[in-house]
Amino acid sequence: MSRTVPDRPRAPRAQARPARPPRVRPAARARSRHTRAAAVLLAPFLGLFALCFLAPLAYAVYESLHRTHRTGPLGLGGHPTETFAGLDNYARALGDPTFLAGFGRVLLFGAVQIPLMIALATALALLLESASARGVPFFRTAFFLPYGVPGVIASLLWGFLYVPGISPLVEIAGQLGVHVDFLARDTVLWSLANIVTWQFTGYNMLVLIAQLKAVPPELYEAARIDGANAWQLARHVKLPLIRPALVLTGLFSIIGTLQLFAEPMVLRPLAATIDSGYTPNLHAYSAAFTGDNPHTAAAEAVLLALVACVLSFGFLRLAGRGTDRG
C-alpha cells in the first residue's frame, strides 16, 4: 500500500522591506542650516532695500513713462488723468538746454574739485598718520569736524563769508586792493567747490587713515631698514597700499558731485547767477515742485541715476585696469 506523505508547511515568504529614506549627510545638513540662517539674517536688509531703494526707483521709472492729461479751457476742467507717454519725458529732458548745461557744470565741478579734495585728504592722512606729536588726535578731530556740519548749515556759514558788505574776506581783500566777488558768474561754481571741499575733506582723510592703520608696521620697518626716507616711504609703500581706500573715496565723491543740491539751493537767494537749473538735481526739483511737472522731473532723476551708474562703473573699471597693470 502506498502511504501518502502530508505536505510540509511552507515557510512564509519574507515581506519586502520598505526602502530606507536616503541619509542626509552632515555636511549637507550643515549647509542647509547655514542657508536658512543666512536667509533669516538677510531678510530685514532685503526688505528695507526693496522698500527704500527698489520701490522708489520703480515708481520713478513708472512716473517717467506717463504724463498728466488735463481737459477743459487752459487744462483746468475735469479731473486730470495719467496716460502713457513712452519716452516723451526723456526726450523733453534731453532737449532742455538748461538741464544739459547743468550736467556740464557738475562734470566740470567734479573734474576740478574731486582730485583737489582727494589729494588734500591724502596729504593730511599721511601727515597725521606719520606724526608722533601729542596734538595729532586734536587735529584729526578738527579736520573731521566740518563733516558733522549739515550741508545747509555749511552753505549758510560760507554764504555770510561770500556776500559783499558783511563778508570779512571781501573786506580784507578790498583793503589789499583786490576786488573779489565770490558769487559772480565765473566764480560761484568754485565757491560751491570750496564749501564741498571744506566739508568732505576730513571724512575722506579719516577713511584713508583707517586704511593706513591696517597696514602691518613690519612693512614700514623693512622699508626704513632698506634706507627709504619719509618721501620714499609714502610714495612707494603707503600710497600703493591705500589704493582701495582712494578708489572708494573717489567713487563716493563722483556720486556726491552728481547729487549736488543743498549748496546751490541755499546760495541761490544770495547769488543771481544760480538759476533753477544750475545743477541736474536742482533742475529736477524745480520741475517737480515749481513747474508742476513731476513726470519730467522723474525722467530727469532716472537719467541722473543712469549717468551716475555709468561714471561709477567706468571709474571702477579704470581703477581696476590700473591695478592689473601695477
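Reading the values: rules and limits
Residues numbered from 1 in each chain as written. Predicted model: local features only at pLDDT ≥ 70, side-chain atom pairs only at ≥ 80, totals over all residues. Heavy atoms only, no water. Helix = DSSP H or I, 4+ residues; strand = E, 2+ residues; numbered from the N terminus. Buried < 20%, exposed > 50% of the residue type's maximum accessible area, 1.4 Å probe, protein only. Contact = heavy atoms within 4.5 Å. Areas by Shrake-Rupley, 256 points an atom, 1.4 Å probe, with all protein chains shown as cover. 1 Å grid on protein atoms, 1.4 Å probe; cavity = no way out; pocket = protein on both sides within 12 Å on 5 of 7 lines; lining within 4 Å. Points joined across faces, edges and corners; volume = space filled by probe spheres on them. Nonpolar A, V, L, I, M, F, W, Y, C, P; charged D, E, K, R; others polar. Core = buried A, V, L, I, M, F, W, Y, C linked by side-chain atoms within 4.5 Å.

Colleague: Is there a simple way to explain the overall build of the protein in this structure?
Modeller: Along the backbone of the protein there are 13 helices and two strands. In the protein, buried positions account for 32% of the 326 residues. Excluding contacts between residues fewer than 6 apart, the proportion of contacts in the protein whose partners are at least 24 apart in sequence is 67%. Looking at the protein as shown, the accessible area adds up to about 21600 Å², and 66% of this sits on carbon and sulfur atoms.

Colleague: So what exactly am I meant to see when it comes to the layout of surface pockets here?
Modeller: Over the atoms a probe the size of a water molecule is rolled, and this reveals where empty space is left. The space that makes up the largest pocket amounts to roughly 700 Å³. If you trace the largest pocket, you find 30 residues lining it, with F53, L57, A301, V302 and A305 closest to the centre. When residues of the lining of the largest pocket are traced back to their parent elements, those giving at least two are α1 (26-64), α10 (243-258), α12 (280-289) and α13 (294-325). Broken down by element, the lining of the largest pocket gets its largest block of residues, 13 residues, from α13. Around the second largest pocket, the lining comprises 15 residues; the ones closest to its centre are V196, F200, F252, G256 and T257. Taken together, the elements giving at least two residues each to the lining of the second largest pocket come down to α3 (97-130), α7 (188-213), α10 and α11 (262-267). In the lining of the second largest pocket, the residues fall into eight nonpolar, six polar and one charged.

Colleague: What's the story with the nonpolar core in this structure? I'm lost.
Modeller: In summary, soluble globular proteins display a tendency toward joint burial of nonpolar side chains. In terms of nonpolar packing, the biggest core is built from 19 residues, with F109, I274 and Y278 touching the most fellow members. Counting residues per element, the ones that place at least two in this core are α5 (151-162) and α7. A total of six residues in this core trace back to one element, the largest contributor, which is α7. Residue contacts for F109: discarding those within four places in its chain leaves I114, L189, W190, L192, A193, V196, T257 and L260. Counting 18 residues, the second largest nonpolar core, distinct from the first, contains L124, L233, A234 and V237.

So yeah, pure geometry; function would need other evidence.
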